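Structure at a glance
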Amino acid sequence: MKKLFSFAALLLIAVSATSSAQAQNKLHLYNWNNYIAAETVQRFEASCKCQLVQSYYGDNEEMLAKLAAGAKGYDLLVPTGNALQSLIKQKALQPLDKKQLPNLKNLNPRYMDTDFDKGNQYSVPYAYTVTLLGYNEQKLKEAGVTVDSWAAIFDPAILAKIKGKVTVLDSANELMAAAMKYLGYSVNDTDEKHWQEAKNVILKAKPYWAAFNGTSYIKGLTVGDIWLAHGYSNDIFQADLDAQKAGRKFRIRHALPKEGATLSLDSLVIPKDAPRADLAHQFINFILDGKNGAELSNLIGTGSPNSASLAFIKPEVSKNTAIFPDQAAAAKLEMLKDLNSKQRRALNRLWTEIRAK
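On a predicted model such as this, the values are computed, not experimentally measured, just so you know. Note on numbering: residues in each chain are counted from 1, in written sequence order. Only residues with pLDDT of 70 or above have their local features reported here, since the model is predicted, and side-chain atom pairs are shown and tallied only from 80 upward, although totals for entire chains, interfaces and linings are computed over all residues. Here the side-chain values reflect all heavy atoms present in the structure, with hydrogen atoms and water set aside.

Some thoughts on the overall build of the chain
Strands here mean DSSP runs of E at least two residues long; helices mean DSSP runs of H or I at least four residues long; both are numbered from the N terminus. Counting its regular elements, the chain contains 16 helices and 10 strands. Two things to know: the radius of gyration comes from C-alpha atoms, and the globule rule equals 2.2 Å times the number of residues to the power 0.38. Scaling as 2.2 N^0.38, a compact globule of 357 residues should have a C-alpha radius of gyration of about 21 Å, and the chain matches this with 23 Å. Seen through its C-alpha atoms, the chain measures out along the principal axes to roughly 90 × 50 × 40 Å. Accessibility here uses a 1.4 Å probe with only protein chains present; expressed as a share of the type maximum, an area under 20% marks a residue as buried, one over 50% as exposed, and anything in between as partly exposed. Within the chain, buried positions represent 52% of all 357 residues.

Some points on the environment of Lys165
Structurally, Lys165 is set in the loop between α7 (156-159) and β5 (166-168). Its relative accessible area of 27% is what places Lys165 among the partly exposed residues. Once the C-alpha coordinates of Lys165 and Gly220 are considered, the two residues, 55 residues apart in sequence, prove to be 9.3 Å apart. Residues are treated as being in contact if the distance between any of their heavy atoms lies within 4.5 Å. In contact with Lys165, not counting residues within four places along its chain, are Asp225, Ile226, Trp227 and Leu228.

Overview of the layout of surface pockets
The space that makes up the second largest pocket amounts to roughly 380 Å³. The way it works is a 1 Å grid over only the protein atoms, where trapped points that fit a 1.4 Å probe form a cavity and open points with protein on both sides within 12 Å along at least five of seven lines form a pocket, and then any residue with an atom within 4 Å of a point lines it. In terms of lining, the second largest pocket is formed by 17 residues, of which the most central are Arg110, Thr114, Leu333, Glu334 and Met335. Within the residue set of the lining of the second largest pocket, elements represented by two or more residues are α15 (327-330) and β10 (333-334). Grid points are joined across faces, edges and corners, and a volume is the space filled by probe spheres set on the points.

Side note on the state of the cysteines
Count a disulfide wherever a pair of cysteine sulfur atoms falls within 2.5 Å. All chains considered together, the criterion is met by 1 disulfide. Across the disulfide from Cys48 sits Cys50; the S-S distance is 1.8 Å. The sign of the S-S torsion, about -75°, decides the handedness of the disulfide formed by Cys48 and Cys50: left-handed.

Remarks on the pairing of strand β9 (residues 261-269)
Within β9, 9 of the 9 residues are buried, which leaves it mostly tucked inside the rest of the structure. Only strands that DSSP links by at least two bridges are regarded as paired with each other. Note that strand β4 (residues 123-136) and β9 share 8 bridges and pair antiparallel. Following the sheet pairing, Pro125 is matched in β9 by Ser267. As judged from the 2 bridges shared by β9 and β10, these two strands associate in the parallel manner. Directly across from Thr262, in β10, lies its bridge partner Glu334.

Here we look at unusual backbone geometry
With phi around 55°, Asn34 is a residue other than glycine that occupies positive phi space. Mapping Asn34 onto the fold places it in the loop between β1 (26-32) and α2 (38-48). With a relative accessible area of 42%, Asn34 lands in the partly exposed category. Located in the positive-phi region is Lys91, a residue other than glycine, with phi close to 55°.

Some words on the packing of helix α8 (residues 172-182) against helix α16 (residues 341-356)
Interaxial distance between α8 and α16 falls to 11 Å at its minimum, and their mutual angle equals 85°. One finds that α8 runs roughly perpendicular with respect to α16. Mapping the contact onto sequence places Ala172, Asn173, Leu175 and Met176 in α8 and Leu347, Leu350, Trp351 and Ile354 in α16. Of the residues belonging to the contact of α8 with α16, the class tally is 7 nonpolar, 1 polar and no charged. Angular values range over 0 to 180 degrees, each being the angle between N-to-C directions of two axes fitted as lines to C-alpha atoms, with helices fitted over their stretch in contact. By definition in this entry, angles of less than 35 degrees are roughly parallel, angles greater than 145 are roughly antiparallel, angles of 65 to 115 are roughly perpendicular, and the rest are oblique. Side-chain classes are defined by residue name, with Ala, Val, Leu, Ile, Met, Phe, Trp, Tyr, Cys and Pro counting as nonpolar, Asp, Glu, Lys and Arg as charged, and the others, Gly among them, as polar.

Pasting the structure below:
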């Protein structure tokens, strides 16, 4: 027997079908928090007639652990270099279809063809940060401290002038890298004798530090409780913005140590099992447009690997040589490589000793 449907019922079915289709037209982005401007999201959604759904992680290890535990449904990830290297080794990514990415031409060659992904088979550079020093210009001038070297956080003679007003990142990789650079070694040097030297440098400086801090140092700098912080270039930018908004009488400045530093390049990649690889390619090409790519730099002070973005980035960001280093400074920047299991265990032991003493 045929069922008869009222007009209202038919309308409801049609609306439900449309809603279902719209619900399926979603791009799932697993991203760092506050790592895309709201206006960029809105324009992309309008251009693709889809919805961008974001989930967030706090560090690469968290993202890798969640994927290893079987998390699925993501169309795009934003790993840093060493995490990208790990994902490629695990065969967790699908190759890019570069025919769908004509805006690849906008990228600066300096950030392409890295050791993590030769030929950029799987990844497209999105943004970068430099791990450096941020400081209260007024307070350090009064203390007679010049910030142009890692000595500012490692030399006890300097630290004695600002004891209790210094924080360093709560990260074995980043703090050891800074100590290695201070000693004249590569951040990717895995000689355990050199690691011991770096550990000793850290332990001599540790009594002068206020804390290991990877989260609230922005606020510490902003309110003036902290005068010198080992941190990320975009966080230092944010601290200065916040200090200005609060009407503070001091400025927070960036310092790129003369010995060099680490650069963290975040890239867009598509998981092997991405439900909407088509939308993922659309998003990547969209974000490679100069104007769209500039919005993240303007929002949080990240460096942009997109040459076409420079014309749209605010001068206070684009002319900051700690965020956009010149060729000589850029030559001293290194990206952290992935460690093997033996090296990771050795580093963890050193880090436990550092934190315990």
